[in-house]
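Structural overview for review
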Amino acid sequence: MSQPFSRFLHPFDVAHHPSLEPEVKRALLASWASDRVSARGKPALRKPPGARRAVPVDDVLAALRSLDGGEARSP
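Residues numbered from 1 in each chain as written. Predicted model: local features only at pLDDT ≥ 70, side-chain atom pairs only at ≥ 80, totals over all residues. Heavy atoms only, no water.

Here we look at the overall build of the protein chain
Using the following cut-off: Helix and strand labels come from DSSP, where a helix needs a run of H or I of at least four residues and a strand needs a run of E of at least two; each type is numbered from the N terminus. Relative accessibility decides the category of a residue: with a 1.4 Å probe and only protein chains considered, values under 20% of the type maximum give buried, values over 50% give exposed, and everything between is partly exposed. Between two residues, a contact is recorded if the distance between any of their heavy atoms is within 4.5 Å. Residue-level accessible areas treat just the shown protein chains as cover; the underlying method is Shrake-Rupley with a 1.4 Å probe.
The secondary structure content of the protein chain amounts to three helices and three strands. Overall, the protein chain shows an N-to-C arrangement of helices and strands of α-α-β-β-β-α. Residues counted as buried form 37% of the 75 residues belonging to the protein chain. Within the protein chain, residue pairs in contact and separated by at least 24 positions form 48% of the contacts whose partners lie at least 6 positions apart. Accessible surface, the protein chain: about 4600 Å² in total, of which carbon and sulfur atoms supply 52%.

Brief notes about helix H2 (residues 22–33)
Note: α-helices contain 3.6 residues per turn, so residues at a spacing of three or four share the same orientation. Stated formally: Given the number of residues in a helix, its expected span is that number minus one, multiplied by 1.5 Å. By arc we mean the arc of the directions from the helix axis to the C-beta atoms, nothing more.
Here H2 contains 12 residues, and its C-alpha end-to-end distance of 16 Å stays within 8% of the 16 Å for a straight helix at 1.5 Å per residue. Turning to H2, its buried residues are Lys-25, Leu-28, Leu-29, Trp-32 and Ala-33. Buried residues of H2 fall within an arc of 135° about the axis and therefore sit on the same side. Summarising the contacts, the buried residues of H2 are in contact with helix H1 (11–15), strand S2 (42–46), strand S3 (55–56) and helix H3 (57–67).

Considerations on the sheet that holds S2
The test is simple: By definition, two strands form a pair when at least two bridges between them are found by DSSP.
Here three strands make up an open sheet; going across it, the order is S1-S2-S3 and the pairing antiparallel. If you trace the sheet from one side to the other, it starts and ends with strand S1 (38–39) and S3, each paired once. As paired strands, S2 and S3 are joined by two bridges and run antiparallel to one another. Opposite Arg-46, over in S3, you have Val-55 as the bridge partner.

Brief notes about the pattern of salt bridges
Quick note on the threshold: One side-chain nitrogen of Lys or Arg within 4 Å of one carboxyl oxygen of Asp or Glu is enough to make a salt bridge.
Inspection of every chain in the model, using the stated rule, returns two salt bridges. We note a salt bridge from Asp-68 to Arg-26, for which the minimum N-O separation is 2.9 Å. Placement of the pair is Asp-68 in the segment after H3 and Arg-26 in helix H2, with a sequence separation of 42 residues. In this structure, the salt-bridge partner of Arg-46 is Asp-35, at a minimum N-O distance of 2.8 Å. Placement of Arg-46 in strand S2 and of Asp-35 in the loop between H2 and S1 is noted, with a sequence separation of 11 residues between them. You can call Arg-46 buried: its relative accessible area is 5%.

A look at the side chain of Asp-59
To keep it simple, the criterion reads: Positive: Lys, Arg. Negative: Asp, Glu. His and the chain ends are not part of the count. In the analysis that follows, any N or O atom pair within 3.5 Å is treated as a polar contact, provided that within protein one partner can donate a hydrogen and the other can accept it, and provided that, for residues neighboring in sequence, both atoms belong to side chains.
Here Asp-59 shows up in helix H3. With no salt bridge to any partner, buried Asp-59 finds its closest opposite charge in Arg-53, at an N-O distance of 6.1 Å. There is a polar contact of 3.0 Å between the side chain of Asp-59 and the side chain of His-10.

Rendered as structure tokens:
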């Protein structure tokens with residue numbers, strides 16, 4: 001996947017994807033959460049290359065927690 005983010009509109013799309021392995025989900029979400037994809041001038045937002053819109057980093061972190069059985073609901 002050269003642009004893995006382009007396939008997903010929201011971090012919970014990654015977390016709830018039925019055919020992605022948990023390790024792949026974690027890798028995608030960790031990349032999405034990284035500071036290098038923060039929206040310019042808006043550090044609380046993340047917009048990785050290929051993503052259609054920016055999302056709050058809190059949504060990315062909630063999606064990661066849901067993989068561990070934490071908060072499992074979509075915002």
